[in-house]
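Structure assessment
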Amino acid sequence: MAAITMQNIVKKYGDGFPAVNDVTLDVQDGEFMILVGPSGCGKSTLLRMIVGLEDITSGEMRIGDRVVNKIAPRERNLSMVFQNYALYPHLTVFENIAFPLRLAKTPDDEVRKRVTETAEVLELTEHLERKPANLSGGQRQRVAMGRAIVRQADAFLFDEPLSNLDAKLRGQMRTEISRLQRRLGVTTVYVTHDQTEAMTLGDRVAVLRKGVLQQVGSPRELYEQP
Ligand code: ADP
Ligand code: ADP
C-alpha cells in the first residue's frame, strides 16, 4: 500500500488547452478517493498518468516515497480496473484471476495460495473451475476485480468500472467494491461521473472541472446542504 501524491500536475496533449491543469492532491495510504466531474474534465487523463499510460507534462507525482515520473509503468505495481473488464473466455475463473501471476512467472504453489485467498475474499471459491460464459454479470465483475487484487498492488485505480452495468447490478457492485476496499484497506482512486457513486463510495471526493481541481472533501462536506 502507498499514498499517491500529486503536486502541480499538468497534462497537455499537443499544444491545446491543458487537459489537467495544475492539480495538487494527496491520496492517503489506504484512502478511497473519488475523482468526479463532467465528461472531458480530465479524470481519465489523471488516472492514466498515475498508472503510467500517459506521460506527465509537468509537476511531480509520487507513489509512496518514489517519484513516478521516473518509474517505468510496469515497475509501479498498481492495478487498474476498466469498465470493459475483459476476461479470457477460454480460461477458467482460476486462470483468469491467476493471469497476472503467470505473466510474472510466480511459482505454482504461490499462485494457488494467492488465487485461493482472493477467491475467498470475493466469494468465488465455488466457481473457480467455471468459464466466464457460465457466470453472472456480477460474478464476472468480481473475477475482473480478483485479477486486480491478486497482484497485491500498492493501489487500485478504477476507471468508471460500473458504467456499462444495469442499475441493479451497479447497486450490488457499489456495495461490493466498498466492502472490498474497506476489507483490504488498499489506497484507491476511483473515477466516475455518477453522483451516487461519488456520494456513497469514497472517503473523499475530488471534483475536477476543465482540468482544474475545484473542491476536495468528504461526501458529506460536498453534497449535504448546510
Ligand atoms: P474525462 O475522463 O473526464 O472524460 P479525459 O481525461 O478523457 O476526460 O479528457 C480530458 C480532455 O483531454 C478532453 O478535452 C479530451 O478531449 C482531451 N484528451 C483526452 N485524451 C486525449 C488524447 N489522447 N489526445 C488529445 N486530447 C485528449
Ligand atoms: P503493454 O502492452 O506493454 O502493457 P500498454 O500501453 O498497454 O503496453 O501499457 C503500458 C504499461 O502500462 C504496461 O506495461 C503496464 O505496466 C501499464 N498498464 C497497462 N494496463 C494496465 C492495467 N490495467 N493496470 C496496471 N497497469 C497497466
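What comes next concerns the included structure. (Residues numbered from 1 in each chain as written. Chains lettered and ligands numbered in written order. Predicted model: local features only at pLDDT ≥ 70, side-chain atom pairs only at ≥ 80, totals over all residues. Heavy atoms only, no water.)

1. Considering the site of ligand 2
Close to ligand 2 lie Val51, Leu53, Pro73, Arg74, Leu78, Met80, Phe82 and Arg151. One nitrogen or oxygen atom from the main chain of Met80 is found 3.2 Å from a nitrogen atom belonging to ligand 2. Within the complex, the protein chains bury 51% of what would otherwise be the 520 Å² of accessible surface of ligand 2. Split into classes, the residues belonging to the shell around ligand 2 amount to 6 nonpolar, no polar and 2 charged. (Near = heavy atom within 4 Å. Polar contact = N/O pair within 3.5 Å; in protein donor to acceptor, adjacent residues only side chain to side chain. Areas by Shrake-Rupley, 256 points an atom, 1.4 Å probe, with all protein chains shown as cover. Nonpolar A, V, L, I, M, F, W, Y, C, P; charged D, E, K, R; others polar.)

2. What about the site of ligand 1?
The environment of ligand 1 is formed by Tyr13, Ala19, Pro38, Ser39, Gly40, Cys41, Gly42, Lys43, Ser44 and Thr45. Taking Gly42, its main chain carries an N or O atom lying 3.0 Å from an oxygen atom of ligand 1. Taking Thr45, its side chain carries an N or O atom lying 2.5 Å from an oxygen atom of ligand 1. Protein chains shield 54% of the accessible area of ligand 1, which is 560 Å² for the free molecule. Residues of the shell around ligand 1, tallied by class, amount to 4 nonpolar, 5 polar and 1 charged.

3. Description of unusual backbone geometry
Residue Asp22 is not a glycine yet carries a positive backbone phi of 60 degrees. Counting through the fold element by element, Asp22 comes out in strand β2 (residues 20–27). Positive phi, close to 40 degrees, is recorded for Glu160, a residue that is not glycine. Looking at where Glu160 falls in the secondary structure, it is placed in the loop between β7 (155–159) and α5 (167–184). (Helix = DSSP H or I, 4+ residues; strand = E, 2+ residues; numbered from the N terminus.)

4. Quick look at helix α4 (residues 137–149)
An α-helix turns once every 3.6 residues. As a result, residues three or four positions apart point the same way. Its 13 residues place the ends of α4 18 Å apart at the C-alpha level, agreeing with the 18 Å of an ideal helix rising 1.5 Å per residue. Counting buried positions along α4 yields 11 of 13 residues, so the element is predominantly enclosed. Every buried residue of α4 is accounted for by Gly138, Gln139, Gln141, Arg142, Val143, Ala144, Met145, Gly146, Arg147, Ala148 and Ile149. (Expected span 1.5 Å × (residues − 1). Buried < 20%, exposed > 50% of the residue type's maximum accessible area, 1.4 Å probe, protein only.)

5. Brief notes about the packing of aromatic side chains
With the rule as written, the count across this model stands at 4 aromatic pairs. Seen from their ring centres, Phe156 and Phe158 are 6.2 Å apart, and the 80 degrees between their planes marks the pair as edge-to-face. Phe158 shares its class with Phe156; the two are buried. Judged by centre distance (5.3 Å) and plane angle (40 degrees), the rings of Phe158 and Tyr190 are tilted. Of this pair, Phe158 sits in strand β7 while Tyr190 is found in strand β8 (residues 187–192), placing the two residues 32 residues apart along the sequence. We classify Phe158 as buried; its relative accessible area is 2%. Given a relative accessible area of 0%, Tyr190 falls into the buried group. Each member of the aromatic cluster is reached from another via a ring pair, and the members are Phe32, Phe156, Phe158 and Tyr190. (Phe/Tyr/Trp six-rings, centres within 6.5 Å; stacked < 30°, edge-to-face > 60°.)

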